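Below, each chain spelled out in residue letters.
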Amino acid sequence: MLNHQLFEKNPSLFVFLPLYYTVWCDAVLTPTEISAIQNLVTHQPWLSGDEKKFLLSQLDPATPPLPDELKNWLTEIQKVADQSSADKKLGLIDIGLALAKVHGGSENIPKTSLKELKAIEGVLGVISSESTFCFNIAQRKTLTNQQITKASFDIATMSALLDGSQSGIINKVKTIISDPAFQYVDPDDLPNYREQTLKWCQLLAAQGFGSKAYPKEYGGDGDMAGYFAIMETISYHDLSLVIKFGVQFGLFGMSIYFLGTEKHHKKYLKDIGTLELPGCFAMTETGHGSNVKGLRTTSTYSHTDKTFIIHTPDEDAQKEYIGNAALHGQMATVFAKLIIDGIDYGVNAFLVPLRDKKGKSLKGVNIKDCGRKMGLNGVDNGIINFDQVVIPYENMLDQYASIDNKGKFNSPIASDNRRFFTMLGTLVGGRIGIPRSGNSATKSGLTIAIKYADKRKQFGPEHAPEVPILNYRTHQRRLMPLLANTYALHFSLQYLTDRFLNRSESDMQEIEALAAGLKSFTTWNTTATLQECREACGGKGYMSENRIDALKNDTDVFTTFEGDNTVLMQLVAKSRLTEFKQEFSNMDFFGIVNYVGSQAKTSLMELNPITVRKTDESHLLDPEFQLSAFEYRERDILTSAARRIKKHLDNGMDSFDAFNQTQYHLVNVGHAFVERVVLEQFIIQIEKTEDKACKTVLKKLCDLFALSQIEKNKGWYLEHDYMAGSKTKAIRKLINKLCWEIRQEAVPLVEAFKIPDSCLAAPIIISNKK
């Protein structure tokens, strides 16, 4: 076409070249396009008969341009088409005119013809500015392909902020688990995997990590905060190690520390801290998991010889899923009903030897291996059955209950219920360790997925380089809110830890509810996040070498052990309802009037038509608006649940049935409470952050967390007329913007976790670093 002599005689013909290239570049010329261009060419008075005949011949679908010919057309067009053509929104005819001018033509085209020529783009449905991008291969710039990774904050400063006062022990643990001795092993070789997990625990114990929380007189540092930091940090490594470590030094050791007395501490804690005495925590039974109060293992006291007989009455009462039991445990803290003279005094804790030093099971102790599991196969879970096992009097952990020298039951807490829940309350640390561990696994998964997405290129503008998949809005929408969740939960779990470490007796009910709620919310988030990370990495995420499968499988059980999440959320709701009831019972008449008045005032402020429809960015990013929205939802759901229960009770329904009828609402009470606490603590953290750059990026993450939760619950807000549709649409738009902005900082934000490469061990990101 370009070599045809007609182009030499009339260079103005070049005006058609961008148009012809555009309609032919998709290899299909439709009847509509043919007809439109034929009509255009036929009615151009400045074209000769031969020129029209030639141009019309180039529209024959039976003889399309050859590939090399199309490339030549593009090369010619690129002589005048550059990035500025797109920036100036030049049309195809504008570029054609510039090309014709380069060849000495265009002056013989009448103005009326130019108008017709330019109109053809609209007739063909061509977006000029988009088509002109196709001509600029090397320099084509779009918002999508210009987005790059950059840090507006100092990564080391953010890391220090995340680690807080525990940075010393965290860095020490990271150094240890990065050692070649902690190189991952094949999880399919079950015997080797279990033995290696034990060796790793022994190496950590040798560093003093296992006994960290125990008093100094028993080989520890008396540092419970340090212990939680250790648990959180080793969770960047193999999660079987974390659980075995937690069972040994946490559940087993801490049960003796909290439920036992000085004689138990002196006799056992030092050996537990060094792993000289491997142990188990035997609470769960085949027939009873969440309902600890219903356990059926018995401990029958004989005052004649001052012994207890530990017995499993039937298969449903056997201890199941017990960590360290199948191979290594030599002793267990066993929870059993205390029976004295035929009277049941409820669940108490007893130390029961399981094996001798050589690993042989003791008389009456029958242990079976649980076998291979969905994950955590480095932990030797077992089933324990006790057949009239005799233990001495001093093996009862007697902090809250004991038997006097006359064989009578004694306790400083008279109420069976209160004693039982006080005993369990001291073990709430497990519900702090598990979510912190789960959040670490979430950080690992996000680090792998985000770093991979920053390097993995796929698709892109026509004739331009491919674009990192992290630049796509759908990918940002998938991962950025989850990154915001992870930061939000990090700070709220620190808050929970501080509350637990500085607890008073009057705080315990609230702390237990907080621990139950955050454990549930965090581990559910872990499960959802790791699934999203797996999918976001495509086939690479499915490969075991990239570790997301191990993270998914190992953390899946986090949603049901240390309490089933759904059950725990109901526990949270019952605690909130108790507080709600007390709030009113402690008020006099005028207090109730003032409370109702303040609620009405709040409703009028929040539900007035202007606020409901307010959509400006400054309002939606205002932490006062965000927190108010969370508080309003929490308060309304709590009040609604209380009304429902009261209505059922007033109608004569049994209290058990009343709670059962409102379970769905109770779970929502738990969610609303936890979401509010998480946002509240994130806002507090931002307020006390001194570094301005860190403060700015944390504010964006907090905004994304808050608005994402509101969007998740937008159905509720719309149903309750708290927001209008225009407002939820504005929130959706703002979330997109925040995801776009945070994407640029996403890699630095996960690098602030400072997870050792040897722990991540994912070739899809490690290879990219080299």
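Residues numbered from 1 in each chain as written. Predicted model: local features only at pLDDT ≥ 70, side-chain atom pairs only at ≥ 80, totals over all residues. Heavy atoms only, no water.

Asks: Any chance you could break down the overall build of the protein chain for me, citing the residues and the numbers?
Replies: Along the protein chain, the regular secondary structure elements total 34 helices and 11 strands. For the protein chain, whose C-alpha radius of gyration is 35 Å, the value lies well above the compact-globule estimate of 27 Å for 770 residues. Projecting the C-alpha coordinates of the protein chain onto the three principal axes gives extents of approximately 125 × 70 × 50 Å. Taken over 770 residues, the protein chain has a buried fraction of 54%. Of the contacts made within the protein chain by residues no fewer than 6 positions apart, 75% connect residues no fewer than 24 positions apart. Carbon and sulfur atoms provide 52% of the accessible area of the protein chain, an area that totals close to 33,900 Å². (Helix = DSSP H or I, 4+ residues; strand = E, 2+ residues; numbered from the N terminus. Rg over C-alpha atoms; globule rule 2.2 N^0.38 Å. Buried < 20%, exposed > 50% of the residue type's maximum accessible area, 1.4 Å probe, protein only. Contact = heavy atoms within 4.5 Å. Areas by Shrake-Rupley, 256 points an atom, 1.4 Å probe, with all protein chains shown as cover.)

Asks: I'd like a rundown of empty space enclosed by the protein, residues and numbers included.
Replies: The final tally for this structure, using the stated rule, is three cavities of 30 Å³ or more. Of the pockets and cavities examined, the largest cavity occupies roughly 70 Å³. Along the walls of the largest cavity sit L162, D163, I170, K174, E232, T233, Y236, K443, H490, A752 and F753, which together make up its complete lining. Split by residue class, the lining of the largest cavity holds five nonpolar, two polar and four charged. Considering only enclosed or pocket space, the second largest cavity measures out at about 40 Å³ in volume. If you go around the second largest cavity, the residues you meet are L259, N348, A349, L397, Y400, A401 and M423. (1 Å grid on protein atoms, 1.4 Å probe; cavity = no way out; pocket = protein on both sides within 12 Å on 5 of 7 lines; lining within 4 Å. Points joined across faces, edges and corners; volume = space filled by probe spheres on them. Nonpolar A, V, L, I, M, F, W, Y, C, P; charged D, E, K, R; others polar.)

Asks: An account of the confidence of the model for the protein chain is requested, with residue identities and associated values reported.
Replies: Here the protein chain averages 89 in pLDDT, and 91% of its residues register 70 or above. For residues 587-593, every residue scores under 50 in pLDDT, and the model assigns this stretch three contacts once sequence neighbours within four places are set aside. Scored below 50 in pLDDT, residues 595-601 makes six contacts in the model with residues more than four places away or belonging to other chains. (pLDDT = per-residue confidence, 0-100.)

Asks: Let's hear about the side chain of E76: which residues, and what values?
Replies: You can see E76 is positioned in helix α5 (residues 67-77). Accessibility expressed as a relative area gives 10% for E76, which makes it buried. Here H103 takes part through its side chain, which lies 2.5 Å from a polar atom of the side chain of E76. (Polar contact = N/O pair within 3.5 Å; in protein donor to acceptor, adjacent residues only side chain to side chain.)

Asks: How would you summarise the layout of surface pockets if you had to cite specific residues and measurements?
Replies: Estimated volume of the second largest pocket: approximately 530 Å³. Sort the elements by how many residues they give to the lining of the second largest pocket and helix α22 (residues 548-555) lands first, with four residues. In terms of residue class, the lining of the second largest pocket is made up of nine nonpolar, four polar and eight charged.

Asks: Go over the packing of helix α2 (residues 17-24) against helix α7 (residues 92-102) with me, naming the residues and quoting the values.
Replies: Viewed as axis vectors pointing N to C, α2 and α7 meet at an angle of 130 degrees, and their least axial separation amounts to 7 Å. By the angle class used here, α2 and α7 are oblique. Two secondary-structure elements touch here, α2 through L17, P18, L19 and T22 and α7 through L92, I95, G96 and L99. Looking at the contact of α2 with α7 residue by residue, the class counts come to six nonpolar, two polar and no charged. (Axes fitted to C-alpha atoms, helices over the stretch in contact; angles between N-to-C directions. Parallel < 35°, antiparallel > 145°, perpendicular 65-115°, else oblique.)

Asks: Go over the pairing of strand β2 (residues 298-302), please, and point to the residues and values.
Replies: Both β2 and strand β3 (residues 307-311) contribute to a ladder of five bridges, which runs antiparallel. From the neighbouring strand, S302 faces β3, where its bridge partner is T307. Remark: four residues form the turn of the hairpin made by β2 and β3, two consecutive strands paired antiparallel; K306 in that turn has positive phi of roughly 50 degrees. Pairing between β2 and strand β5 (residues 331-340): four bridges, direction parallel. Note on β5: the bridge partner recorded for T300 is I339. (Pairing = 2+ DSSP bridges.)

Asks: I'd like a rundown of the nonpolar core, residues and numbers included.
Replies: Counting 165 residues, the largest nonpolar core has M158, F245, F335, I450, L483 and Y487 as the members making the most contacts within it. The contacts of I450, once residues within four sequence positions are left out, are L470, L479, M480, L483, A746, V747 and V750. If you look at the next biggest cluster of nonpolar residues, it comprises 38 residues, including F7, W24, F54 and L99. (Core = buried A, V, L, I, M, F, W, Y, C linked by side-chain atoms within 4.5 Å.)

Asks: Got a sec to walk through the pattern of salt bridges? Specific residues and values, please.
Replies: With the rule as written, the count across this model stands at 29 salt bridges. Measuring nitrogen to oxygen at the nearest pair gives 3.0 Å for the salt bridge that ties E680 to R676. Here the residue E680 and the residue R676 both occupy positions in helix α29 (residues 663-688), the gap between them amounting to four residues, near one helical turn. Exposure remark for R676: the relative accessible area of 13% places this residue in the buried category. (Salt bridge = Lys/Arg side-chain N within 4 Å of Asp/Glu carboxyl O.)

Asks: Report on the packing of helix α27 (residues 623-650) against helix α30 (residues 692-712), specifying residues and quantitative values.
Replies: Axis angle and axis distance: for two packed helices, these are the angle between their axes and the distance between the axes, and together they describe the pair. At a minimum axis distance of 10 Å, the contact between α27 and α30 shows a crossing angle of 35 degrees. The way α27 lies across α30 gives a crossing that is left-handed. From α27, P623, F625, Q626, A629 and F630 reach across to α30, where they touch K699, D703, F705, A706, L707, Q709 and I710. Class assignment for the residues of the contact of α27 with α30 results in eight nonpolar, two polar and two charged. (Left-handed = near helix turned anticlockwise from the far one by under 90°.)

Asks: Explain the state of the cysteines to me, and be specific about the residues and the numbers.
Replies: Linking two cysteines covalently through their sulfur atoms gives a disulfide. A complete count under the given rule lists zero disulfides for this structure. As a non-bridged cysteine, C280 has C370 as the owner of its nearest cysteine sulfur, 11 Å distant. On the accessibility criterion, C280 (0% relative accessible area) is buried. (Disulfide = S-S within 2.5 Å.)

Asks: Which residues make up helix α3 (residues 31-42), and what values do they have?
Replies: With 12 residues, α3 should reach 16 Å at 1.5 Å per residue; the first-to-last C-alpha distance of 16 Å fits that figure. Of all the residues in α3, the buried ones are E33, I34, A36, I37, L40 and V41. Those residues of α3 that are buried are in contact with α2, α4 (49-57) and α8 (111-124). (Expected span 1.5 Å × (residues − 1).)

Asks: I'd like a description of helix α18 (residues 430-455), backed by residues and values.
Replies: End to end, α18 covers 38 Å across 26 residues, agreeing with the expected 38 Å (1.5 Å per residue, within 8%). Within α18, 24 of the 26 residues are buried, leaving the element largely enclosed by the surrounding structure.

Asks: Go over the sheet that holds strand β4 (residues 319-322) with me, naming the residues and quoting the values.
Replies: Note: strands within a sheet are paired through backbone hydrogen bonds, in either parallel or antiparallel orientation. Here we have three strands laid out as an open sheet, ordered β4-β8-β7, and antiparallel in their pairing. With partners counted over all chains shown, the strands left at the sheet margins are β4 and β7 (365-369), one partner each. Neighbour-to-neighbour, the strand axes of the sheet open up by a mean angle of 25 degrees, direction not taken into account. Summarising the sheet, β7 and strand β8 (residues 382-386) pair through five bridges and their orientation is antiparallel.

Asks: For unusual backbone geometry, give the residues involved together with the corresponding values.
Replies: The phi angle at L376 is positive, at roughly 55 degrees, despite the residue not being glycine. Tracing the backbone shows L376 in the loop between β7 and β8. The exposure class assigned to L376 is buried, which follows from its relative accessible area of 7%. Phi is positive for E562, close to 60 degrees, though the residue is something other than glycine. Along the chain, E562 falls in the loop between α22 and α23 (565-585).

Asks: Please set out the side chain of R436 residue by residue, giving values where relevant.
Replies: Looking at where R436 falls in the secondary structure, it is placed in helix α18. Taking relative accessible area as the criterion, R436 reaches 7% and is therefore assigned buried. The contact partners of R436, leaving out residues within four places of it in the chain, are F228, A229, E232, L493 and T497.

Asks: Can you break down the packing of aromatic side chains residue by residue, with the values?
Replies: Applying the stated rule across the entire model yields 23 aromatic pairs. An aromatic cluster is defined as three or more aromatic residues linked by ring pairs; in this entry it consists of Y227, F228, F245, F249 and F500. Directly above the ring of W716 sits R633, whose terminal nitrogen or CZ lies 5.8 Å from the centroid. (Phe/Tyr/Trp six-rings, centres within 6.5 Å; stacked < 30°, edge-to-face > 60°. Lys NZ or Arg CZ within 6 Å of the ring centre and 35° of its normal.)

Asks: Please set out the environment of K614 residue by residue, giving values where relevant.
Replies: Looking at where K614 falls in the secondary structure, it is placed in the loop between α25 (609-613) and α26 (617-620). Residue class for K614 comes out partly exposed when judged on its relative accessible area of 36%. Sequence separation of K614 and K727 is 113 residues, and the distance between their C-alpha atoms is 6.4 Å. For K614, the contacting residues outside a window of four places in its chain are H619, L620 and K727.

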